[in-house]
Amino acid sequence: MKTNITKFHLKLLVAIMVMALALGVCGIVSVAVADEASDFPGREVTIIVPYDAGGSSDMISRFIASGLGKALNCTVLVVNKPGGAGSVGMTFVRQSKADGYTICYISTDIMTQKVMNISDIVPEDFAFIGQVAEVPGALTVHVDSPFKTATEFIDYAKKNPGKLTVAVGAVGGAWHTTATVLEEGAGVKLNKVSFSGGGAAAVTPLMGKHVDAAVNGAGEVLSGVNAGSLKILGVMTEERMPSLPDVPTLKEQGVNVVFGGSGAYALPKDAPQPIVDKLSAALSKAVESDEFKDFITQRGMIIRYRNTADTKKAIAEQNEVFFNILSKIDK
Amino acid sequence: MWGLLNGLTIAITPTNLFYCLIGCLVGQLVGVLPGIGPVQATALLIPLSYGLEPTTAIIMLCGIYYGAMYGGTITSVLINTPGETASVITCLDGYPLAQQGRAGVALKVAAIGSFVGGVISTLALALLGPSVADFALKFGPSEQFALMVFGMSMVIGLMGKSFIRGLVSLSFGLSLALVGMDPISGAIRYSFGINDLVGGIEMVPLCMGLFGLSELLVLVEDLNVTHKASALNSSTLKKEELRPTTMAIIRGSFLGFFVGLIPGTGSAIPALISYSMEKSLSKHPDQFGKGAPEGVAGPETANNSYVGGAMIPLFTLGIPCSPTIAILMGAFMMHGMIPGPTLFITNPDVIWGTIASMFVGNVILLILNMPLAAAWAKLADIPNKMLCPAVLVISLIGAYSDSNSMFGVGVMLVAGVIGYVCKKLDIPLAPIILVFVLTDKMEQNLLQSIKIHSGVLGILTSPIALGLLVGAAAVIAGSLIMEIKNKKSSLLEGDE
């Protein structure tokens, strides 16, 4: 009798452990073996996403992974290593072997690491493969708001400094900085209230009219706009967004602010040039897939492919903007 | 109502039924495995759902969500390891029940409670839908801050026998929550130069260490002990337990639904409020923490009916109330639908199909879990020397897979030792984790409302916030008075 019970339990235990192992193995990165650039990729490539599963960065990377896999004819895995505003994942890639098998998703957070004392990561630590997407910033109000255009909003803000409350992300994050760029560009002072937890966190207080406006990604306010409760006063792009043809840019309303977040991929800085080139070529094909295009458009983002050199230049330029703004903030 | 019937015909097509079952099973599995919660599971399955019909995909993903709510109960009851915050409360009475050989009772009560909670909240979602959506929007930073304070006051009910030890536990949770980046200014606190601490301590490994690993360490003290399942009615309720348990389930259903409507609350809050409510309404509050079935039934019901409530802001306003809902919203968008009121008009089949599938899913889960409860309960009488290594392996994998880093494993190990010491010193563990969860939100909301109102007093201008703060003060005052009374009477007894 006793042995019977034990046997049944053993089976149950084994079954559970096998299930646990199967799920656990999904996240384990295999050990590196040295490869020549010409053989690349000789095994599966891993994209490290330094953010939680399910966010925009993760979703972008999962589409790109399938596109890269097709172009390179190999398996491309996505592994999430969240924590510390991206510093945990970026540090992991910076320290890993520069053989092309470990790729890092790089967001705007790379520009704030040093100046906000989060970590010592700087863009120079990485060899950029290319940029794939841009997340344009937007200035949004509730439909019941007295402001119908960006001009009205800015005029009121000029006359009443610090009076308008604007929901933004955490200090040092992309949307807080974007709002500061808006303040400087338009010459106004706003009462910025931080809602950490992604740009979507700033939408709820705006819908409940707890704040006067929000500055975050255009994609984040899309559902509210569709629901007829929010109104985008202006997007911060050079030209109108293809997915939002009726929404004016801030620029055409005389507020010269063009700003937004970006999504790029990079290898550790010592990566051999032939491998960077090979991945860069594959990346340019991955952004062409219809699935990726649909996804980017629906999420209110823009496909912005930049090659290795352009990505490096664009990030260096934006890095300077971030540094100038953030070094002035009293931390 | 017509829409719901129409949805039902969509939900019971063989394909949808099949994917609903898959979702429930996967959900239950991730609920059982600590470390992988519904958020990760939903996120991982989204790319797989790309090829499916939108309705089918959403049905499957929803199944994962409420399936996980069911599954989390099992580990809490059997090995005292909550798979996610919603189940922390379940440990308090579920595990004692299991130790008394009544794991079957705890699991069945939880399964029935979850079913009732799920059905009532789905019904409310179908009937009330848009009309209660505005309620969600009333909760700005001030109101949410007050709600968190109210939730915090409820933690007092979990403090156990000693007020001082409870306070130690509470302040420990509070200080753990302060580690990492300040949510508003971005300043980094107590990270000691460790990158992994910049984002704060991860909840899942902390939870697994404090509850699960510490329990293992206690079990290891005597490896030869087997929790012999007592033959007496191990899976039926005693007659006198029937009424309070039923009432707990009914109250939990409504509570969970309404808390679900409020953005950003998380499923721990309804469970916490339900537990404290049941304890204060009970005729024998001293039984709580020692194995009261209603202490399992109420919170488990509340965290499941929370799901139905949380769907309303998503479906009607396009606001994601919780991380899992945010991922569901992503799934809608990936299938070309933008959540919001227009969804009821543009894609009624998807919405009503999904709502109806939640009925179906709850039935599936009930059918799955009633017989399984007995099987799972058998796990509780595995000898320690076999159980401990297995649980340890599962926990280690869970802690690693939560964020794919060894740091999580380290957090779990340290938390395990701390939890063990706390157990030896009789310091209650539940307040640590609940305060840890609440503090982050509370701090953020407080700072936000101060900024919006240019001062602290502005918070009081909101009637909802004022009401909740007064409620919190009343709860604290009430428990203090009780505490003093108890002290006096125990002193008197001591004199005799």
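Nothing here was measured: the structure is a model prediction, and the numbers come from that model.

**Q** Give me the overall build of chain A: which residues, what numbers.
**A** Tallying secondary structure elements over chain A gives 10 helices and 10 strands in all. When the 331 residues of chain A are sorted by exposure, 58% land in the buried category. Considering only residue pairs separated by 6 or more positions, chain A has 74% of its internal contacts joining residues 24 or more positions apart. Total accessible area computed for chain A in this model is approximately 13400 Å², and 54% of it derives from carbon and sulfur atoms.

**Q** Would you mind going over the overall build of chain B in detail, with residue names and values included?
**A** What chain B contains, in helices and strands, is 20 helices and two strands. Rg of the C-alpha trace for chain B: 22 Å, near the compact-globule value of 23 Å for 496 residues, within the 12% margin. With the C-alpha coordinates of chain B rotated into their principal frame, the extents come out at 75 × 60 × 50 Å. Burial status across chain B gives 60% buried among its 496 residues.

**Q** How would you explain the environment of A399 of chain B if you had to name every residue and give the values?
**A** All names here are of chain B. Relative to the helices and strands, A399 is located in helix α17 (residues 384-403). Along the chain, A399 and V421 lie 22 residues apart, while their C-alpha atoms are 20 Å from each other. Here A399 is in contact with P205, M208, S405, G408, V409 and M412, once residues within four sequence places are set aside.

**Q** Break down helix α4 (residues 150-159) of chain A for me, with residues and values.
**A** All of the buried residues in α4 of chain A are A150, F153, I154 and A157 of chain A. Angular distribution of buried residues about the axis of α4 of chain A spans 90°; they occupy a single face of the element.

**Q** For the environment of P41 of chain A, give the residues involved together with the corresponding values.
**A** All names here are of chain A. Among the secondary structure elements, P41 is positioned in the loop between α1 (2-25) and β1 (45-49). C-alpha separation for the pair P41 and I60, spaced 19 residues apart in sequence, amounts to 22 Å. For P41, the residues in contact, after removing those within four places along its chain, are L72, C74 and Y101.

**Q** Outline the nonpolar core, listing residues and values.
**A** One finds I60, I64 and Y265 of chain A together with M311 of chain B to be the most contacted residues of the largest nonpolar core, which totals 120 residues. Ranked by residue count, the leading element in this core is helix α4 (residues 54-79) of chain B, at 12 residues. Lining this core are residues from two domains, each supplying at least three of them: domain 1 (44-134 + 261-326) and domain 2 (137-260) of chain A. Contacts of M311 of chain B, omitting those with residues within four sequence positions, involve C62, Y65, L125, I325, L328 and M358 of chain B.

**Q** Before we move on, can you summarise the side chain of T56 of chain B with the specific residues and values?
**A** Residue and element names in this part refer to chain B. Looking at the element boundaries, T56 is found in helix α4. T56 gets classed as buried once you look at its relative accessible area, which sits at 5%. Once you skip the residues sitting within four places of it in the chain, T56 turns out to touch T15, N16 and Y19.

**Q** Could you give an account of the interface of chain B and chain A, with specific residues and numbers?
**A** Bring the parts together and some accessible area is lost; that lost area is often taken as the interface size. Contacts between chain B and chain A engage 58 residues on the former and 57 residues on the latter. When the two sides are added together, the surface that chain B and chain A hide from each other amounts to roughly 4900 Å², 69% of it contributed by carbon and sulfur. Considering only the surface of chain B that becomes buried against chain A, N195, M333 and N404 of chain B emerge as the three largest contributors, covering 11% of it. On inspection of chain B and its partner chain A, the count reaches five residue pairs in polar contact (both at pLDDT 80 or more). Sorting the residues of the side of chain B that touches chain A by element identifies α3 (38-45), α8 (141-155), α14 (323-334), α16 (348-379), α17 and α19 (430-453) of chain B as the ones contributing at least two each. With seven residues, the top contributor of residues to the side of chain B that touches chain A is α17 of chain B. Of the residues in the side of chain B that touches chain A, the class split is 37 nonpolar, 15 polar and six charged.

**Q** Describe the pattern of salt bridges, listing the residues and the values that go with them.
**A** Residue and element names in this part refer to chain B. Summed over all chains, the structure comprises 18 salt bridges over all chains. For E215, the salt bridge identified is with K423, shortest N-O distance 2.6 Å. Of this pair, E215 sits in helix α10 (residues 203-220) while K423 sits in helix α18 (residues 406-424); the two residues are 208 residues apart in sequence, bridging distant segments of the chain. Residue E215 is classed as buried on the basis of its relative accessible area, which comes to 7%. In this structure K423 comes out as partly exposed when scored by relative accessible area, which is 25%.

**Q** A description of the side chain of S107 of chain A should follow, citing residues and the corresponding values.
**A** All names here are of chain A. Along the chain, S107 turns up in strand β3 (residues 102-107). There is a polar contact of 2.7 Å between the side chain of S107 and the side chain of Y51. Excluding residues within four positions of it along the chain, S107 makes contact with Y51 and S262.

**Q** Give me the domain arrangement of chain A: which residues, what numbers.
**A** Residues and elements named next belong to chain A. By domain assignment, chain A separates into domain 1 (44-134 + 261-326) and domain 2 (137-260). Distance from the C-alpha centre of domain 1 to the C-alpha centre of domain 2: 26 Å. On the side of domain 2, 17 residues touch domain 1, which itself brings 16 residues to the contact. In terms of surface lost to domain 2, no three residues of domain 1 exceed G261, G300 and I325, which account for 34% of the buried area on that side. Counting across the interface, domain 1 meets domain 2 through zero salt bridges. At the boundary of domain 1 and domain 2, one finds one residue pair in polar contact (both at pLDDT 80 or more). Top contributing element to the side of domain 1 that touches domain 2 by residue count: helix α10 (residues 308-326), with five residues. Split by residue class, the side of domain 1 that touches domain 2 holds seven nonpolar, eight polar and one charged.

**Q** Outline the environment of G260 of chain B, listing residues and values.
**A** Looking at the element boundaries, G260 of chain B is found in helix α11 (residues 239-261). For the pair G260 of chain B and I418 of chain B, spaced 158 residues apart in sequence, the C-alpha to C-alpha distance is 33 Å.

**Q** Which residues make up the packing of aromatic side chains, and what values do they have?
**A** All names here are of chain A. Under the defined criterion, the tally for this structure stands at 10 aromatic pairs over all chains. Their ring planes at 80° and their centres at 5.3 Å tell us that F147 and F153 sit as a pair that is edge-to-face. Of the two residues examined, F147 and F153, each falls in the buried class. By way of ring pairs, the aromatic residues F147, F153 and Y156 are connected into one cluster. Across from the ring centre of Y101, 4.0 Å away, lies the NZ or CZ of R43, which sits over that ring. The residue whose ring lies beneath K81 is F92, and the NZ or CZ to ring-centre distance is 4.4 Å.

Conventions and cut-offs
Residues numbered from 1 in each chain as written. Chains lettered and ligands numbered in written order. Predicted model: local features only at pLDDT ≥ 70, side-chain atom pairs only at ≥ 80, totals over all residues. Heavy atoms only, no water. Helix = DSSP H or I, 4+ residues; strand = E, 2+ residues; numbered from the N terminus. Buried < 20%, exposed > 50% of the residue type's maximum accessible area, 1.4 Å probe, protein only. Contact = heavy atoms within 4.5 Å. Areas by Shrake-Rupley, 256 points an atom, 1.4 Å probe, with all protein chains shown as cover. Rg over C-alpha atoms; globule rule 2.2 N^0.38 Å. Arc of directions from axis to C-beta. Core = buried A, V, L, I, M, F, W, Y, C linked by side-chain atoms within 4.5 Å. Domains from an automatic or database assignment. Buried area = accessible area lost by both parts, 1.4 Å probe. Polar contact = N/O pair within 3.5 Å; in protein donor to acceptor, adjacent residues only side chain to side chain. Nonpolar A, V, L, I, M, F, W, Y, C, P; charged D, E, K, R; others polar. Salt bridge = Lys/Arg side-chain N within 4 Å of Asp/Glu carboxyl O. Phe/Tyr/Trp six-rings, centres within 6.5 Å; stacked < 30°, edge-to-face > 60°. Lys NZ or Arg CZ within 6 Å of the ring centre and 35° of its normal.

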